Amino acid sequence: QALRACGATPVEVRLPKDLEGLDALILPGGESTTIGKLLLRYHLLQPIRSLGQSGLPIWGTCAGMILLAQEVVGGLPDQPVLGLMNLRVHRNAFGRQVDSFQAELSCPWLGEAPFPAVFIRAPVAESLGPPLEVLAQYQDKIVAARQGNLVATSFHPELSGDWRMHQWFLDHVVPIPAG
Ligand code: GLN
């Protein structure tokens, strides 16, 4: 709904063949250990890693941020991740499901009005250094970051009805030429 509202045509990716011809990929929220296992089982982990390395715009939200990170704290010892971004993530940093919340987040790159950020058993992150660019922090922890064609947010921008983050991704990250 968010992507359609911004003029894009979303398709679901379930099998490796679905990756053909995409302009960008969004890794949604969910449960990162389960998503990681399914990415392995359906032979998607390595193809997505290669696409990310060769410039496909990829945006991970919440569990998707965990999958993009190089280091995961609080994960399973062998939790499969893509490991594409210079991020160390801490899973479930704000507590359990009942501790989910919405915060007005300062996101100057989206405009003056704060962004209504929905955190659901969300991770926070630390930077492992450039070229990682910190986009937003909450309580001094990274909750949005960018590394070239890769974007990670620990909140769920699709749940607030405010599509500025999706529009920004489509306007400023997706047009980057791959290579
Ligand atoms: N807590 C989940 C995990 O660690 C992520 C939650 C979410 O995606 N909303 O995988």
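Residues numbered from 1 in each chain as written. Predicted model: local features only at pLDDT ≥ 70, side-chain atom pairs only at ≥ 80, totals over all residues. Heavy atoms only, no water.

## Comments concerning the site of the ligand
Link 1 in the chain: All residues in the neighbourhood of the ligand are listed as Gly29, Gly30, Glu31, Ser32, Cys62, Ala63, Ile66, Arg91, Asn92, Ile120, Arg121 and His156.
Link 2 in the chain: In the environment of the ligand, a nitrogen atom lies 2.6 Å from a nitrogen or oxygen atom belonging to the side chain of asparagine 92.
Link 3 in the chain: At a separation of 2.9 Å, a nitrogen atom of the ligand approaches a polar side-chain atom of histidine 156.
Link 4 in the chain: Protein burial of the ligand: of its 300 Å² of free accessible surface, 96% is covered by the chains.
Link 5 in the chain: Partitioned by chemical class, the residues of the shell around the ligand number four nonpolar, five polar and three charged. (Near = heavy atom within 4 Å. Polar contact = N/O pair within 3.5 Å; in protein donor to acceptor, adjacent residues only side chain to side chain. Areas by Shrake-Rupley, 256 points an atom, 1.4 Å probe, with all protein chains shown as cover. Nonpolar A, V, L, I, M, F, W, Y, C, P; charged D, E, K, R; others polar.)

## A word on the pattern of salt bridges
When the charged atoms of two side chains with opposite charge come close together, those side chains can pair.
Link 1 in the chain: Using the criterion set out here, one finds six salt bridges in the structure.
Link 2 in the chain: A salt bridge links arginine 164 to aspartate 162; the nearest nitrogen and oxygen atoms lie 2.9 Å apart.
Link 3 in the chain: A cluster of three or more residues bridged by salt bridges with shared partners is formed by Glu71, Arg88 and Glu126. (Salt bridge = Lys/Arg side-chain N within 4 Å of Asp/Glu carboxyl O.)

## Section: the side chain of threonine 153
Link 1 in the chain: As for its position among the elements, threonine 153 is in strand S10 (residues 150-153).
Link 2 in the chain: According to the relative accessible area criterion, threonine 153 is buried, its value standing at 0%.
Link 3 in the chain: There is a polar contact of 3.5 Å between the side chain of threonine 153 and the backbone oxygen of phenylalanine 155.
Link 4 in the chain: Residues contacting threonine 153, with those up to four places away along its chain left out, are Trp59, Gly60, Thr61, Cys62, Met65, Val143, Ala144 and Met165. (Helix = DSSP H or I, 4+ residues; strand = E, 2+ residues; numbered from the N terminus. Buried < 20%, exposed > 50% of the residue type's maximum accessible area, 1.4 Å probe, protein only. Contact = heavy atoms within 4.5 Å.)

## Digging into unusual backbone geometry
Link 1 in the chain: Following proline 130, the chain continues into proline 131 via a peptide bond in cis, with omega recorded as 10°.
Link 2 in the chain: Relative to the assigned elements, proline 131 resides in the loop between strand S7 (124-127) and strand S8 (133-138).
Link 3 in the chain: Backbone geometry at histidine 43 places phi at a positive 55°, although glycine is not the residue there.
Link 4 in the chain: Mapped onto the fold, histidine 43 is located in the loop between helix H2 (32-41) and helix H3 (45-53).

## Details of the packing of aromatic side chains
Link 1 in the chain: All chains considered together, the criterion is met by 10 aromatic pairs.
Link 2 in the chain: Pairing phenylalanine 101 with phenylalanine 119 gives two aromatic rings, centres 4.8 Å apart and planes at 15°, and the pair type is stacked. Residue phenylalanine 101 is found in strand S5 (residues 101-105), and its partner phenylalanine 119 is found in strand S6 (residues 115-119); the two are separated by 18 residues along the sequence.
Link 3 in the chain: Given the relative accessible area of 24%, phenylalanine 101 is considered partly exposed.
Link 4 in the chain: Grouping aromatic residues by their ring pairs yields a cluster made of Phe94, Phe101, Phe115, Phe119, Tyr138 and Phe155. (Phe/Tyr/Trp six-rings, centres within 6.5 Å; stacked < 30°, edge-to-face > 60°.)

Remember, this is a structural readout, not a statement about activity or role.
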